[in-house]
Amino acid sequence: MTQSGVDVPPKGGFSFDLCKRNDMLIQKGLKAPSFLKTGTTIVGLIFKDGVILGADTRATEGPIVADKNCEKIHYMAPNIYCCGAGTAADTEAVTDMVSSQLRLHRYQTGRDSRVITALTLLKKHLFSYQGHVSAALVLGGVDITGPHLHTIYPHGSTDTLPFATMGSGSLAAMSVFEAKYKEGLTRDEGIKLVAEAICSGIFNDLGSGSNVDICVITKGHKEYLRNYMEPNPRTYVSSKGYSFTKKTEVLRTKITPLMERVEITEVGEAMEE
Amino acid sequence: MFLLPVSFSINADYFFLQFTIPIDNGDSVKNAEADSQRTLYPYVTGTSIVAIKYKDGVLMASDMGGSYGSTLRYKNIERMKAIGKHSLLGASGEISDFQEILRYLDELVLNDNMWDDGNSLGPKEVHNYLTRVMYNRRNKFNPLWNTLVLGGVKNGESYLGMVSMIGVSFEDNHVATGFGNHLARPILRDEWHADLSFEDGVKLLEKCMRVLLYRDRSAINKLQIAKITEEGVTVSQPYSLKTFWEFKAFNNPTAGAEGSW
């Protein structure tokens, strides 16, 4: 059987071939699969020596909690981290993509990445998708020019702020920040305030919950405190575990050793590494 | 119901009558007017109210703004009023509906006074009356577009409750309406405790109102705090809160990041 035509190499970019079919299905009444959203409280603040980022750990799919302990603070560069709210796939993909772009850029320039580089790469990408990539990010890091904290909205606009919150729990967290933020916080005060803001989101917003993740970035050093606080532990767990009251009755025992029936033959080469 | 022959139409092929069937509950003209008298949208609105129980009674705070859509039209609206001897009513939402509710309550208190039996309406009774009124109006698809906060003290017991425009009513130690639900409630849940002193209560309310001032676009920096105790109701004179805008990061925000703000 020969090919009827020459294989044209696929052109880059988004392929719109299935859009008509999807539209037709929706018109016929098919419900499109819902997105996995990170309902979410993410925050960032600038303290005396750098930046502290915080996030809750609940990922929701509509009214159901899909992941009780997901990671919303994404790695961008050794000195830059990014919290993501919105559609989980979008935040993962976009931060991964910019993270690898930053790495290649570091190899090419031989210098540490700057936060505004990440900012510009992210906002260019999000703007070109006109808000359809539903990723709301809090980007923070410390580079040669100092500590920086930015928020990036799904449509591509950015803000530069001393403290920022995003996500469904952003109002609850922002109320804590507006009431208690001061300039020149020490590391411990900053961590305490970030944890308080995330807890405010966890307990007052239904889309956020479970644990608190914190990431502290200072000049030349970063600390990723995964599950820094676990204010929703499972209670009432018996330490003894469950014990069955009656043992099952054994009626008959028959043992068939399988080793005699298996033949092992060495064929072919070992897989290459 | 009877049929009215309205018109004749002679056609080459056939001859027929057209009938109209009159509407059961009156003529169609009155029906159209009835539609335009239902509350469909709020027009002049007040923003949040925040209230807490404290040692001697109830403290309530509200700002004095009335917005007409996105314009700040009125800057001298008192959204908290005393009801009888024992209660204080605060309202957010449509101002005209709030004034209507005050008229209803006026009548209620007047009738109660006319009995002259030494009894007076307490906050629980007023709250119940308001709940019934709000729920009834919602059932007729003609709501009073308000979220009401009712606080009061009678016989040494303080009472603080809330009724929304669909008739949801409950009582609690601290309540907030509108944007206060999202911004003030987290602070109150963390920092309210029983037996707050007057100064601490005012400080707590001011903390909430300051956050609302920063983050609610329809809030203005002119607020009143009302206090109700066994002795009665006092509404303070309007005053404004101090705000802080001197964060270094606000000075030159785009110094490192051209094109952002």
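Everything that follows concerns the structure shown earlier in this document.
The sections below set out a description of the structure shown in this document. Per chain, residues are indexed from 1 in the order of the written sequence. Each chain is given a letter, starting from A, and each ligand a number, starting from 1, according to the order in which they appear as written. Local features in this predicted model are restricted to residues whose pLDDT is 70 or higher, and side-chain atom pairs enter the listing and the counts only when it is 80 or higher, whereas totals over whole chains, interfaces and linings include all residues. Only heavy atoms go into the side-chain values, all of them from the structure, while hydrogens and water stay out.

## Description of the overall build of chain B
- For the purposes of this entry, the term helix denotes a DSSP run of H or I that reaches at least four residues, the term strand denotes a run of E that reaches at least two, and both are numbered from the N terminus. What chain B contains, in helices and strands, is 6 helices and 15 strands.
- A burial count over chain B gives 41% of its 261 residues as buried.
- Note on definitions: a residue-residue contact is assigned when non-hydrogen atoms from the two residues lie within 4.5 Å. Summarising the internal contacts of chain B: among those between residues at least 6 apart in sequence, 59% fall at separations of at least 24. Burial classes follow relative accessibility: with a 1.4 Å probe on protein chains only, a residue under 20% of its type's maximum area counts as buried, one over 50% as exposed, and anything between as partly exposed.

## Some words on the sheet that holds strand 13 (residues 221-229) of chain A
Residue and element names in this part refer to chain A.
- The sheet built from 5 strands is open, its strands ordered 11-2-3-12-13 with antiparallel pairing. The two strands at the open ends of the sheet, each matched to only one other strand, are strand 11 (163-166) and strand 13. Neighbouring strand axes in the sheet, compared pairwise and without regard to direction, differ in orientation by 10° on average.
- Looking at chain direction, strand 3 (residues 50-56) and strand 12 (residues 212-218) are connected through 7 bridges and run antiparallel. Considered in strand 12, the bridge of Gly54 is made with Ile214.
- Lines fitted to the C-alpha atoms define the axes, with helices restricted to the stretch that makes contact. Angles between their N-to-C directions range from 0 to 180 degrees. Most of the contacts of helix 4 (residues 170-180) go to strand 11, to which it runs at about 165°, and overall it touches strand 2 (42-46) and strand 11. Strands are treated as partners if at least two bridges between them are detected by DSSP.

## Concerning the environment of B:Thr71
Residue and element names in this part refer to chain B.
- With respect to the helices and strands, Thr71 occurs in strand 7 (residues 71-74).
- Overall, Thr71 belongs to the partly exposed group, its relative accessible area being 46%.
- Along the sequence, Thr71 and Ser218 sit 147 residues apart, while their C-alpha atoms lie 8.6 Å from each other.

## With respect to the environment of A:Val65
Residue and element names in this part refer to chain A.
- On the secondary structure map, Val65 appears in strand 5 (residues 64-67).
- Among the residues examined, Val65 registers a relative accessible area of 37% and is labelled partly exposed.
- For the pair Val65 and Ser208, spaced 143 residues apart in the sequence, the C-alpha separation amounts to 9.5 Å.
- Ignoring sequence-local partners within four residues, the contact set of Val65 consists of Arg58, Ala59 and Thr60.

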